[in-house]
Amino acid sequence: MKGIVGTKLGMTQVFDAETGAVTPVTVIEAGPCPVVRVKTVESDGYEAVQVAYGKVAEDRVTKPRLGQLGKAGPHRKIVEFRGPSELTEGETVTVEAFEPGERIKVSGIGIGKGFAGTIKRHNFKSGPKSHGSHNIRAPGSVGASATPARVRKGIRGPGRMGGKRVTQVGVTVHDVDAERNLLLVKGAVPGPRNGVVEIREDKNRGGA
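What counts as what
- Residues numbered from 1 in each chain as written.
- Predicted model: local features only at pLDDT ≥ 70, side-chain atom pairs only at ≥ 80, totals over all residues.
- Heavy atoms only, no water.
- Pairing = 2+ DSSP bridges.
- Helix = DSSP H or I, 4+ residues; strand = E, 2+ residues; numbered from the N terminus.
- Buried < 20%, exposed > 50% of the residue type's maximum accessible area, 1.4 Å probe, protein only.

Our focus in this paragraph is the sheet that holds strand β5 (residues 75-82). With antiparallel pairing, four strands are arranged side by side in an open sheet as β5-β4-β3-β6. At either margin of the open sheet sits one strand with a lone partner, and together these are β5 and β6 (92-93). Here two bridges tie strand β3 (residues 33-39) to β6, and the two strands are oriented antiparallel to one another. Across the sheet, the residue bridging to Pro 34 is Thr 92, located in β6.

So, in structure tokens, the structure goes:
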């Protein structure tokens with residue numbers, strides 16, 4: 001499994017000099033991420049690689065976390081990428097691990113929208129807006145009165161929207177800037193500006 005951690009800087013546009021085509025891209029400052037630990041089936045029961053991201057001062061990290069980071073030094077986050085890998089402890093993962101046209105998937109904490117109704121949160125249809133209707137944006141019936149005489153679990157209703165982990169699959173790498181540790185990916189990815197995202201190779205999809 002190939003993966004790296006980065007910060008979403010925002011979106012911009014890239015113009016093709018020959019065709020003039022405009023491509024919306026998300027700019028991600030990714031890595032460098034030192035490899036903290038390589039897990040194997042023999043020692044841990046599964047294969048995975050742990051990488052560190054976001055170098056910080058030593059007093060910003062707890063002693064247990066500092067011991068876990070080892071020679072990588074104090075970092076803000078440790079992320080685990082499951083799957084077989086050829087990396088070894090002490091190596092550093094950079095954006096050069098990816099190439100333009102490669103399919104990836106990006107995970108991050110989506111932007112929180114606060115409390116929202118069913119129309120915005122679950123794409124419910126609105127009620128009639130004429131003839132004295134009082135059910136324009138109301139959710140409608142949520143259960144019967146006699147049986148089961150309660151609202152069943154899992155009924156879609158109003159509540160907190162967003163702010164959860166989201167994975168965008170089928171994203172394509174548009175360009176790689178190794179000098180500035182930048183990944184340009186086509187389209188939008190989850191999370192707010194300056195939010196931390198995880199980039200993995202998308203093995204379930206073919207090449208671009």
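Let's shift gears to unusual backbone geometry. Of note, the amide linkage connecting Gly 31 to Pro 32 takes the cis form, showing an omega dihedral of -5°. Examined against the element boundaries, Pro 32 turns out to sit in the loop between β2 (22-30) and β3. Following Thr 147, the chain continues into Pro 148 via a peptide bond in cis, with omega recorded as 10°. Checked against the element boundaries, Pro 148 lands in the loop between α3 (118-122) and β9 (159-161). Of note in this structure, His 131 is not a glycine but carries a positive phi near 55°. When you line up the elements, His 131 lands in the loop between α3 and β9. Look at His 131 and you get exposed, because its relative accessible area is 83%. If you check the backbone angles, Asn 181 has positive phi at about 55° while not being a glycine. Assessed through its relative accessible area of 21%, Asn 181 is described here as partly exposed.

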